[in-house]
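Listed below are the residues making up each chain.
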Amino acid sequence: MQVALAQIDIKFGDPDENYRRVAAAVQQAAAQGAEVVVLPEMWNTGYALTDLAQLADTDGARTKRFLSDLAQQYHVNLVGGSVAVAREQRYYNEMLIFDRQGQLLRQYDKVHRFGLMREDQYITAGQTENVFQLDGVSAMGVICYDIRFPEWLRKQAAQGPQVIFVAAEWPTVRLPQWRILLQARAIENQAYVVAVNRVGADPDNDFGGQSLVLDPLGQVVAETTDQPAVVTATLDLQQVVKVRGSMPVFADRRTELY
Ligand SMILES: NC(=O)CCC(=O)C(=O)O
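Since this is a predicted model, take the numbers as computed values, not measurements.

> Explain the pairing of strand S9 (residues 137–143) to me, please; I cannot follow it from the model alone.
In regular strands, side chains alternate between the two faces of the sheet. Of all seven residues in S9, seven are buried, a share of seventy percent or more. In S9, alternate side chains face the same way, and those of Val137, Ala139, Gly141 and Ile143 on one face and Ser138, Met140 and Val142 on the other are all buried. Two strands pair when backbone bridges link them, and strand S8 (residues 131–134) and S9 are joined in this way by four bridges, in the antiparallel orientation. The residue of S9 that forms the bridge with Phe132 is Ala139. Between the antiparallel neighbours S8 and S9 lie two residues, among them Asp135 with a positive phi of about 50°. By the bridge criterion, five bridges tie S9 to strand S10 (residues 163–167) in an arrangement that is parallel. Bridge assignment links Val142 to a residue of S10, and that residue is Val166. Running through helix H5 (residues 150–157), the crossover from S9 to the neighbouring parallel element S10 is right-handed.

The following block contains the structure:
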């Protein structure tokens, strides 16, 4: 599986400009041979939470049309990061996943709201899992702060996903933790981790990128710097089979105890 990390800068509170940036990044990823393109968190608005009434995408309709068209145009699967969505007078931080035919496979609302960025005041938490198949490969997706909750990822990883996609707006100040948390999630779940952070800044935070592709042993396959970039990497899914076969941690769990 050839994946692309679409590490873009997000213009705060300017969806029109951000749709243009995402279109350009997907075009670039497709030209580099990507089969799956992964976007960052809240890429339509950034964390412009106080302006969601004006900016959030109602029912995700615009984003769904946009991502579906891009997926078909470039014949790529899209793990569409996440966008701010308005639905029934609530706001969600929502990941949309499309296959190469432009079909919506899953929509996932971020389950763990990040209080330090005031998400708990504006965003309604999701309740459902996010496991799906991309080109016949079992995968799952979570959003940013979710990676601090290993039990949430484990519950889903136990269903078989070989790839864990992560969309993030993770501030520079905590990037050392980002890296270690992602490596731990890769190692404990014996899965590839494909994690995309944004770059740039908003009124409250700087975002330093460092998007990562990690193998099932937590080793770095690809990484980016703190600049906008589209970087592709190949996932050798036989590695997952090999690592899971060599150490059966899923089978060795004591589910009667925890
Ligand atoms: N957007 C987020 O969920 C940020 C999470 C974060 O920064 C953290 O340290 O956790």
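Picking up after the structure, the text goes on.
> Quick question: what am I supposed to make of the pattern of salt bridges here?
Where charged atoms of side chains with opposite charge meet at close range, the side chains can pair. Taken as a whole, this structure holds 16 salt bridges when the rule is applied. Residue Lys11 is joined to Asp14 by a salt bridge in which the shortest nitrogen-to-oxygen separation is 3.4 Å. Between Asp16 and Arg62 there is a salt bridge, with the nearest N and O atoms lying 2.9 Å from each other. One end of the pair, Asp16, is in helix H1 (residues 15–31); the other, Arg62, is in helix H3 (residues 61–74), and 46 residues separate them in sequence. The partly exposed category is assigned to Asp16, whose relative accessible area is 41%. Relative accessible area serves as the criterion here: at 33%, Arg62 is assigned to the partly exposed category.

> Can you help me understand the UniProt feature "domain: CN hydrolase" (unreviewed entry) in the protein chain in this one?
Residues given the UniProt feature "domain: CN hydrolase" (unreviewed entry) here are residues 1–237. Helix makes up 26% of residues 1–237 and strand makes up 31%, while its end C-alpha atoms are separated by 8 Å.

> Can you help me understand helix H7 (residues 238–246) in this one?
Among the residues of H7, Val240, Val243 and Arg244 are the ones counted as buried. Buried residues of H7 fall within an arc of 95° about the axis and therefore sit on the same side. In H7, those exposed residues whose orientation departs by more than 90 degrees from the buried face are Gln238, Lys242, Gly245 and Ser246. Looking at the packing, one finds that the buried side of H7 touches helix H6 (175–189) and strand S11 (192–196).

> How should I be thinking about the layout of surface pockets in this particular structure?
If a probe the size of a water molecule is rolled over the atoms, the empty space left behind becomes visible. In this structure, the largest pocket occupies an estimated 200 Å³ of space. Along the wall of the largest pocket there are 13 residues; nearest its centre are Phe12, Tyr47, Met117, Arg118 and Asp204. Residues belonging to the lining of the largest pocket are distributed by class as follows: seven nonpolar, two polar and four charged.

> How do you make sense of the side chain of Thr45 when you look at a structure like this?
Within the secondary structure layout, Thr45 lies in the loop between strand S2 (36–38) and helix H2 (52–55). When sequence neighbours within four positions are dropped, the list of residues in contact with Thr45 reads Ile10, Lys11, Phe12, Gly13, Pro15, Asn18, Leu55 and Ala84.

> When you look at the packing of H1 against H3 in this model, what are you seeing that I'm missing?
When two helices pack together, you describe them by how their axes are tilted relative to each other and by the distance separating the axes. In the contact formed by H1 and H3, the axes pass within 10 Å of each other and the chain directions differ by 20°. In this view, H1 runs roughly parallel relative to H3, as classed from their interaxial angle. H1 and H3 meet at a crossing whose hand is right-handed. Each of Pro15, Asp16, Tyr19, Val22, Ala23, Val26, Gln27 and Ala30 in H1 lies in contact with H3, whose residues at this interface are Arg62, Thr63, Phe66, Leu70 and Tyr74. Residue classes in the contact of H1 with H3 are distributed as nine nonpolar, two polar and two charged.

Conventions adopted
- Residues numbered from 1 in each chain as written.
- Predicted model: local features only at pLDDT ≥ 70, side-chain atom pairs only at ≥ 80, totals over all residues.
- Heavy atoms only, no water.
- Buried < 20%, exposed > 50% of the residue type's maximum accessible area, 1.4 Å probe, protein only.
- Helix = DSSP H or I, 4+ residues; strand = E, 2+ residues; numbered from the N terminus.
- Pairing = 2+ DSSP bridges.
- Right-handed = clockwise from strand over helix to strand, strands pointing away.
- Salt bridge = Lys/Arg side-chain N within 4 Å of Asp/Glu carboxyl O.
- UniProt positions renumbered as here; feature names shortened; annotations may be inferred.
- Arc of directions from axis to C-beta.
- Contact = heavy atoms within 4.5 Å.
- 1 Å grid on protein atoms, 1.4 Å probe; cavity = no way out; pocket = protein on both sides within 12 Å on 5 of 7 lines; lining within 4 Å.
- Points joined across faces, edges and corners; volume = space filled by probe spheres on them.
- Nonpolar A, V, L, I, M, F, W, Y, C, P; charged D, E, K, R; others polar.
- Axes fitted to C-alpha atoms, helices over the stretch in contact; angles between N-to-C directions.
- Parallel < 35°, antiparallel > 145°, perpendicular 65-115°, else oblique.
- Left-handed = near helix turned anticlockwise from the far one by under 90°.

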